[in-house]
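Spelled out, the chains give:
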Amino acid sequence: MTIVLAELDQQTQQRVAETRQRVSDLHAELPRNQLVVWTAGNVSERVPGAELFVIKPSGVSYDELAPESMVVCTLDGNKIDDGTPATLQPSSDTAAHAYVYREMPEVGGVVHTHSTYATAWAARGEEIPCVLTMMGDEFGGPIPVGPFAIIGDDSIGRGIVETLKGSRSRAVLMQNHGPFTIGKDARDAVKAAVMCEEVARTVHIARQLGTPIPIDQTHVDSLYNRYQNVYGQH
């Protein structure tokens, strides 16, 4: 039985509308930070207090995105009757996002890009070593590589969850595919995607100049704790 958005309670409808606005706005950050080309990449966010999430429609230009065109799905990855045309399909990565939300209830946002440097590491099936204090801060260690998986079902989602469960990293490089990032909400996951590309680029350049120096694990732990619990405004 298909869920009809217009038949849900007013509070849930309002939360869906707010989530659609955030997800639409955050998609602009991907081309702005040079993380995507053409229609590639997507942002999704869990709807607070509901078993739903919002994601980009498949193959639609970033210039054409608007809150009302964001697709609303159940955590099984099925599109609900959300007021968009029946022909408007959610992202081809929807099943992967849905699997992450089902298996990692602490995750509120998921982002996928094909950003150049991070994807180059994924093409080699090589993790990005923790040789920058920024990596210790943001990811708590290296950015790991996930298994090769075919697009279209939840195989990618399974690889993301298997790789990130028990890891402090909020980014995974899916082999031969590209980076996926998670966060407490979509904005947090977008930030992780931006930072993932930045460290991928910097470490690549460092390796062209010589051998990067690893950071001792005790220092990585200290950096991570400070950044997560002390840095910024609380």
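Thresholds applied
Residues numbered from 1 in each chain as written. Predicted model: local features only at pLDDT ≥ 70, side-chain atom pairs only at ≥ 80, totals over all residues. Heavy atoms only, no water. Helix = DSSP H or I, 4+ residues; strand = E, 2+ residues; numbered from the N terminus. Expected span 1.5 Å × (residues − 1). Buried < 20%, exposed > 50% of the residue type's maximum accessible area, 1.4 Å probe, protein only. Arc of directions from axis to C-beta. Contact = heavy atoms within 4.5 Å. Polar contact = N/O pair within 3.5 Å; in protein donor to acceptor, adjacent residues only side chain to side chain. Phe/Tyr/Trp six-rings, centres within 6.5 Å; stacked < 30°, edge-to-face > 60°. Lys NZ or Arg CZ within 6 Å of the ring centre and 35° of its normal.

Compared with an ideal rise of 1.5 Å per residue, which puts 18 residues at 26 Å, helix H1 (residues 10-27) spans 26 Å between its outermost C-alpha atoms and is within 8% of the ideal. Those residues of H1 not exposed but buried are Thr12, Val16, Thr19, Arg20, Val23, Ser24, Leu26 and His27. Looking straight down H1, one finds that the buried residues subtend no more than 160° of arc, so they occupy a single side. Away from its buried face by more than 90 degrees, H1 exposes Gln10 and Gln11. At its buried positions, H1 is contacted by helix H2 (29-32), strand E1 (42-46), strand E2 (52-55), strand E3 (71-74) and helix H7 (186-209). Between the side-chain oxygen of the N-cap and the backbone nitrogen of Gln11 there are 3.1 Å, and the N-cap of H1 in question is Asp9.

We now examine the packing of aromatic side chains. Summed over the entire model, instances satisfying the criterion amount to 2 aromatic pairs. Centre to centre, the rings of Phe53 and Tyr101 are 5.1 Å apart; their planes meet at 45°, and the pair counts as tilted. Separated by 48 residues along the polypeptide, Phe53 in strand E2 and Tyr101 in helix H3 (residues 94-103) bring together distant segments of the chain. You can call Phe53 buried: its relative accessible area is 0%. Plain terms: the ring middles of Tyr227 and Tyr231 are 4.8 Å apart, the flat faces sit at 20° to each other, and that makes the pair stacked. Owing to a relative accessible area of 15%, Tyr227 belongs among the buried residues under this scheme. For Tyr231, a relative accessible area of 48% translates into the label partly exposed. Here Lys56 stacks its cationic end above the ring of Tyr62, 5.4 Å away from the centre of that ring. Over the face of the ring belonging to Trp121 we find Arg124, whose NZ or CZ atom lies 4.6 Å from the ring centre.

Here we take up the side chain of Asn42. On the secondary structure map, Asn42 appears in strand E1. Of note is the side chain of Asn42, whose polar atom sits 3.1 Å from the side chain of Ser91. There is a polar contact of 2.9 Å between the side chain of Asn42 and the side chain of Asp93. Excluding residues within four positions of it along the chain, Asn42 makes contact with His27, Leu30, Lys56, Tyr62, Ser91, Asp93, His97, Val110, Val111 and His112.

None of this, on its own, says anything about what the molecule does.
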